[in-house]
Each structure stands twice: as structure tokens, then as C-alpha cells.
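Overview (structure and organization)
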Amino acid sequence: MTATDPLLRALAHPLRLRMVSLVWNVPLSAAELARELGISHALASQHLRRLDAAGLVELAEVRTNRGGRERRYRAVHASPLSDQKHEAAPLLAEALAHNLRDRAGRRAPDAEGVTSDLELWVSPEAWDGFRRRLAALFDELHDAAQAPHAAGTVGIGATVMAFPLVEPDPRPGDHSDE
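Here we summarise the structure given alongside this text. Remember, predicted model here, so these are calculated numbers, not experimental data.

One can describe the packing of helix H3 (residues 30-37) onto helix H4 (residues 41-53) by two numbers: an axis separation of 8 Å at closest approach and a directional angle of 115 degrees. Put simply, H3 runs roughly perpendicular to H4. Relative to H4, H3 is oriented so that their crossing is right-handed. Where H3 approaches H4, its residues Ala-30, Ala-31, Leu-33 and Ala-34 are matched on the opposing element by His-41, Ala-44, Ser-45 and Leu-48. Along the lines of polarity and charge, the residues of the contact of H3 with H4 split into 6 nonpolar, 2 polar and no charged.

Now the structure itself:
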């Protein structure tokens, strides 16, 4: 186990991953997250506690609501989602795949989108430039995020995990490079 494991394990649950996305720019309470995600308030609170303990969300404000106190959380922006140099990447990939399946089922039928699947070879410089531009594009979209269902907004689903591949071991008896 590495020091990053608790962080990545917290992100490796599809609901917690969605929660971090939802509170990226707008603080939300457990009750608001529960309504948005269609889960119980208790379950939303449990997942928020796990994210808070891992340092992925932080308390943004406490406000009075119907005589009680509502704790609203926002994402801590220095998240490991931007890099997969860790052993828990398969757990994160599974959570991303789960959210992708869910979002694909909710895709607006007539809306334009972008779909791509790649396995190709490029120079290290081309990869580094692309990776940086892709990260900047996601930062730009995150920065434009508003509260869920805010007037004049459209919900966007995007799931990306891009990384260099390791060459597989040649199969026994494969002499294609001789």
C-alpha cells in the first residue's frame, strides 16, 4: 500500500467520484447531493465523510436551514484525478467506467458530442503537448461549472482517462520482429 491509497480508494466509488464532480465549483450539502444523485441523505453523508477524511472535499460553509445547520462542501482542487501514476488506477478506471455507462444512458438524443477511442503511437513530445492541452480543456470546463440544474445551463458528461501504454510481452513463438 502507498500513501495515496486512501485518496484513490475514496475516489474509486462511482458515487463519490460523481460527488467530487458536483461540488467542484459549487458547494452542496449532503441533502442536496442526495437529491441530485437519487440516494438517501444518510448515504450521501457517509460518502461525504469518506471524501472529507481523504482530503478530497472541504467544508465550505455552514448555514441555518429550517432551524438546523446545513454543512455545505466543495471539492479540494488539487485532486489526483489528473494523473494515474499509482497502483489504484484500475479501481479508479472501474468507477469512471461505471459513471460513463450511466451518463451514456442519459445522453441527450439529438445533442452533439465527441466520442473517440484511441490506441496509437506518437512521439513523447506529441503526447506531452496533447496531455497538457487536454488537462487545460478540462480545467476550463470545470471552471465554468455552475450549480446542478442552474437556469441557462446544460448538463455535460465527460469521462477521460488517457495514458501511455506498456508494450505487452511477445507471445511464445511470435517471431514477427525477426
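Turning our attention to the nonpolar core. Ranked by internal contacts, the top residues of the largest apolar core, which has 27 residues, are Met-19, Val-20, Leu-33, Ile-39, Leu-51 and Leu-56. Of all the elements in the fold, those that place two or more residues in this core are helix H1 (5-11), helix H2 (14-22), H3, H4, strand S3 (68-75) and helix H5 (89-105). With 5 residues, H2 is the largest single contributor of residues to this core. In contact with Val-20, not counting residues within four places along its chain, are Leu-11, Leu-51, Leu-56 and Ala-75.

Each value, and the rule that gives it
- Residues numbered from 1 in each chain as written.
- Predicted model: local features only at pLDDT ≥ 70, side-chain atom pairs only at ≥ 80, totals over all residues.
- Heavy atoms only, no water.
- Axes fitted to C-alpha atoms, helices over the stretch in contact; angles between N-to-C directions.
- Helix = DSSP H or I, 4+ residues; strand = E, 2+ residues; numbered from the N terminus.
- Parallel < 35°, antiparallel > 145°, perpendicular 65-115°, else oblique.
- Left-handed = near helix turned anticlockwise from the far one by under 90°.
- Contact = heavy atoms within 4.5 Å.
- Nonpolar A, V, L, I, M, F, W, Y, C, P; charged D, E, K, R; others polar.
- Core = buried A, V, L, I, M, F, W, Y, C linked by side-chain atoms within 4.5 Å.
- Buried < 20%, exposed > 50% of the residue type's maximum accessible area, 1.4 Å probe, protein only.

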